[in-house]
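Close look at the chain arrangement
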Amino acid sequence: MNLVFLGASGSGKDTQAELLVKQFGYTRLSTGDLLRMLTHGESEMQKIIKLAMNDGFLNDSFVYGLLEIYFKYSKLNNAILSGVVRSVNQVELLDIALKKNGMTVDKAVYFELSDAEAIKRLSGRRYCPNCKENYHKEFKPEKIEGKCDFCNSLLATREDDNPESIKKRLTDFHKENDLIIEKYKNRGILEVIDASPSIEEIYKILLLKLGL
Ligand SMILES: [Zn+2]
């Protein structure tokens, strides 16, 4: 069964994906992962692709062509495609890449979170600039206010984690996501899951919805 996971950042979709990976041996894949595999290394071509990626130069036909090749040669099945469909055009591009390899999207799961909750989750994030450990004011607080548990450095907030930027990201997200979920809904393969309860509760509901 191949799954598409949808949800704003902060919805916890990747945490849920990891649970399915552990319990059922699913493979989680995002287009970001795929590009990182391609740029991980020091060859000239890897450096060039990395530069192109950072400049946003890698368009959909490149990325979905790469995805098609990956599907063909990785013999992937039971995939969780998370962060693969971010625009309505990509629904069809993913279909084509899968279809050429005799695969389909069997279910699309949308982890739905109110904007207020998403903002609360995202704006509480902080990290250690030194050892890169992540913290959260509410969900994973540091032991001594403002200092890293491991290396005692001062914690920082990512520039784009301020409420204004988060609101803008959410508005952009909804604009495309509404169209994406409409497409999967029309095919009768959409499952919507409330992403506000605890990780364990969401996982239980996810298993029920997937019939696992
Ligand atoms: Zn640290």
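Summary of the structure given here. (Residues numbered from 1 in each chain as written. Predicted model: local features only at pLDDT ≥ 70, side-chain atom pairs only at ≥ 80, totals over all residues.)

**Structural notes on the overall build of the protein**
The helix and strand tally for the protein stands at 8 helices and 7 strands. Here the protein has a C-alpha radius of gyration of 18 Å; the compact-globule value for 212 residues is 17 Å, and the two agree. Dimensions of the protein, computed from the C-alpha atoms along their principal axes, are close to 55 × 45 × 35 Å. Within the protein, contacts between residues separated by at least 24 positions form 71% of all contacts whose residues are at least 6 apart in sequence. (Helix = DSSP H or I, 4+ residues; strand = E, 2+ residues; numbered from the N terminus. Rg over C-alpha atoms; globule rule 2.2 N^0.38 Å. Contact = placed C-beta atoms within 7 Å.)

**Quick notes on the environment of His 40**
Among the secondary structure elements, His 40 is positioned in the loop between α2 (31-39) and α3 (44-54). Considered as a pair, His 40 and Ser 61 are 21 residues apart in the sequence and their alpha carbons are 21 Å apart.

**Quick notes on unusual backbone geometry**
Phi is positive for Asn 78, which is not a glycine, with a value near 55°. Note that Asn 78 resides in the loop between α4 (60-74) and β3 (79-82). The phi angle at Lys 132 is positive, at roughly 70°, despite the residue not being glycine. For Lys 132, the location among the structural elements is in the loop between β5 (125-127) and β6 (134-136). A residue is classified by how many C-beta atoms lie within 10 Å of it, and Lys 132, with 10 of them, is exposed. (Buried ≥ 20, exposed ≤ 12 C-beta atoms within 10 Å, placed from the backbone.)

**Some words on the pairing of strand β4 (residues 107-112)**
Both strand β1 (residues 3-6) and β4 contribute to a ladder of 4 bridges, which runs parallel. What sits directly across from Val 4, in β4, is Ala 108. By the bridge criterion, 5 bridges tie β4 to strand β7 (residues 190-194) in an arrangement that is parallel. By the bridge assignment, Tyr 110 is partnered in β7 with Val 192. (Pairing = 2+ DSSP bridges.)

**A look at the packing of α2 against α3**
Running from N to C, α2 and α3 cross one another at 145°; their axes reach a closest spacing of 8 Å. Contacts from Leu 35, Leu 38 and Thr 39 in α2 reach Gln 46, Ile 49, Lys 50 and Met 53 in α3. (Axes fitted to C-alpha atoms, helices over the stretch in contact; angles between N-to-C directions.)

**Notes on the sheet that holds β4**
Here we have 5 strands laid out as an open sheet, ordered β2-β3-β1-β4-β7, and parallel in their pairing. Each edge of the open sheet is held by one strand with a lone partner, namely β2 (27-29) and β7. Averaged over neighbouring strand pairs, the angle between their axes works out to 25° when direction is ignored. Relative to β3, β1 runs parallel, the two sharing 3 bridges. If you follow Leu 3 over to β3, its bridge partner there is Ile 80.

**A few points about the nonpolar core**
One finds Val 4, Phe 5, Leu 6, Ile 80, Leu 81, Leu 94 and Val 109 to be the most contacted residues of the largest nonpolar core, which totals 36 residues. Discounting chain neighbours no more than four positions away, the residues touching Leu 81 are Asn 2, Leu 3, Val 4, Phe 5, Leu 29 and Leu 94. (Core = buried A, V, L, I, M, F, W, Y, C linked by C-beta atoms within 7 Å.)

**Examining the environment of Leu 81**
Along the chain, the position of Leu 81 falls in strand β3. A sequence separation of 77 residues divides Leu 81 from Val 4, and the C-alpha atoms of the two residues are 4.7 Å apart.

**Focus on helix α1 (residues 13-24)**
With 12 residues, α1 extends 16 Å from end C-alpha to end C-alpha; this agrees with the ideal 16 Å at 1.5 Å per step. Among all positions of α1, only Lys 13, Gln 16, Ala 17 and Leu 20 are buried. Down the axis, α1 shows its buried residues gathered within 105° of arc, on one side only. Just beyond α1, the residue with positive phi is Gly 25, at close to 70°. (Expected span 1.5 Å × (residues − 1). Arc of directions from axis to C-beta.)

Keep in mind these numbers describe shape, not what the thing actually does.
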